[in-house]
Amino acid sequence: MKTSDYYVQRNNKNLETIERLLNEELPAFCFDYFVAIESQTSSLTRLNYAHDLKIFFYYMQEKIFRGKKQVREFTLSDLETVTNTDIEYFLGFLTHYKYGEREHFCNERAKARKLSSVRAMFKHFFNKGLISVDNSAKVATPKLHEKPIIRLEQNEVYNIINTAENGNGLSPHQMAYHEKNKVRDCAILMLFLGTGIRISELVGLNNKDINFDNNSFIVTRKGGSKSILYFDNDVAAALMRYIDQKEQQQKASLDDADALFLSNKNRRITVRAVENMVQKYAKIVSPLKKISPHKLRSTYGTQLYKATGDIYIVADILGHKDVNTTRKHYAAISDDNRRSVVGKVKLIKPEDD
């Protein structure tokens, strides 16, 4: 029976894609590897591994074997012939390459992720004694430079919500949809900026997840764990307005009857649609910043840390498993605190008046 649960649907879709890649685009030996890692990884993680390995094997086919052997024909013996220099060249190849009909560009973080996927596969077969050498372990991880934290300032937070409400600055084409969507858009923006949830958590929300008795809601975190988060009365009011409007004007399709946020086609709203909506309003209020839903999450985290000074509560609410992840993202705030104490300790006695 077809389910309307967003996370079950997403998981099933991931599994179908992984199966297709294993059957059509990856070497046969990869099947055993993906079976081995299934219990330790989510379907999304394995899907990302599969896509990364697909590019690596494409590189092997084109650059190492010069087209003399197809990917599906590769054996574990072929892995043993791959040198650390080959993998270093692979990282260079990733800077700008063409796969199929599309051009692709990888920054240092994307390269590091693909290298991690390749290393994990080599390590698995080496530890199992199925290959005699693991040259991927000799390759250095690309140096990752700290990215500046981009977030909205307080006045920009007010402005983006006001823009969603009144539509000022939207094009005539955008205004044609604004009247219908403004209540929904405001509720989404308020939920991002008032709770710091991830975009995947937002689009996965169901009607039953919201509890207005104590202004709480249930989110499904990475890995499938559940958490209860709370929102203030402003967020509650925005959600109530949206739910009231939805009940009066929209009827969700049968497959998405449980979905909280709906698209114009009465289906569960997609990640891409939410990204486009956020960017539409953000370009008006902050044209020099590239604001995404994740940046709204950073905005909330920044404001929460400034208000509480408690990195552990910020980590808990944002769903970070490692507090060091939180500390890294909000190091700039700590730097502000360090600057604020300059001059508080006096070394030279002030002159008497």
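Note that the structure is a prediction, hence the values are computed from the model and not measured. (Residues numbered from 1 in each chain as written. Predicted model: local features only at pLDDT ≥ 70, side-chain atom pairs only at ≥ 80, totals over all residues. Heavy atoms only, no water.)

Caption draft 1: Representation of the overall build of the protein in the model. Along the backbone of the protein there are 15 helices and five strands. Projected onto its principal axes, the C-alpha positions of the protein cover 75 × 70 × 40 Å. In the protein, which comprises 353 residues, the share counted as buried stands at 42%. Carbon and sulfur atoms make up 50% of the accessible area of the protein, which totals about 20400 Å². Positive and negative side-chain charges in the protein, numbering 54 and 43 respectively, have mean positions lying 3 Å apart. (Helix = DSSP H or I, 4+ residues; strand = E, 2+ residues; numbered from the N terminus. Buried < 20%, exposed > 50% of the residue type's maximum accessible area, 1.4 Å probe, protein only. Areas by Shrake-Rupley, 256 points an atom, 1.4 Å probe, with all protein chains shown as cover. Lys, Arg positive; Asp, Glu negative; His and termini not counted. Charge placed at Lys NZ, Arg CZ, Asp CG, Glu CD.)

Caption draft 2: Summary view of the pairing of strand β4 (residues 216-220). Judged by how many residues are buried, β4 sits mostly within the fold: four of five residues are covered. Note that strand β3 (residues 210-211) and β4 share two bridges and pair antiparallel. Bridge pairing in β4 links I210 to F217. Where β3 folds back onto β4 in an antiparallel hairpin, the turn is made up of four residues, including N215, whose phi is positive at roughly 50°. As defined by bridge partners, β4 adjoins strand β5 (residues 226-230) across five bridges and the pair is classed as antiparallel. By the bridge assignment, F217 is partnered in β5 with L229. Here β4 folds back onto β5 in antiparallel fashion, the turn holding five residues, of which G223 has a positive phi close to 85°. (Pairing = 2+ DSSP bridges.)

Caption draft 3: A look at the sheet that holds β5. Across the sheet, which stays open at both edges, the three strands sit in the order β3-β4-β5 with antiparallel pairing between neighbours. The open sheet has two free edges, formed respectively by β3 and β5, since each of these has just one partner strand.

Caption draft 4: The arrangement of the side chain of H124 in detail. Structurally, H124 is set in helix α6 (residues 108-127). Look at H124 and you get buried, because its relative accessible area is 15%. Setting aside residues up to four positions removed in sequence, H124 forms contacts with D32, Y33 and A36. (Contact = heavy atoms within 4.5 Å.)

Caption draft 5: Representation of the packing of helix α8 (residues 172-195) against helix α11 (residues 271-285). Two numbers describe how α8 lies on α11: the axes approach to 10 Å, and their chain directions differ by 100°. Taken together, the axes of α8 and α11 lie roughly perpendicular to each other. From α8, Q174, H178, D185, I188, L189 and F192 reach across to α11, where they touch V274, M277, V278, K280 and Y281. Taken together, the residues of the contact of α8 with α11 sort by class into seven nonpolar, two polar and two charged. (Axes fitted to C-alpha atoms, helices over the stretch in contact; angles between N-to-C directions. Parallel < 35°, antiparallel > 145°, perpendicular 65-115°, else oblique. Nonpolar A, V, L, I, M, F, W, Y, C, P; charged D, E, K, R; others polar.)

Caption draft 6: Summary view of the side chain of D185. Note that D185 resides in helix α8. The exposure class of D185 is buried, given its relative accessible area of 1%. Once you skip the residues sitting within four places of it in the chain, D185 turns out to touch M277, K280 and Y281.

Caption draft 7: Representation of α8 within the structure. Between its first and last C-alpha, α8 extends 32 Å over 24 residues, near the 34 Å set by a 1.5 Å rise per residue. Along α8, the sharpest change in direction is near 70° and occurs at N181. Within two residues after α8, G196 carries a phi angle of roughly 75°, on the positive side. (Expected span 1.5 Å × (residues − 1). Bend = angle between axes of the 7 residues up to and from the residue.)

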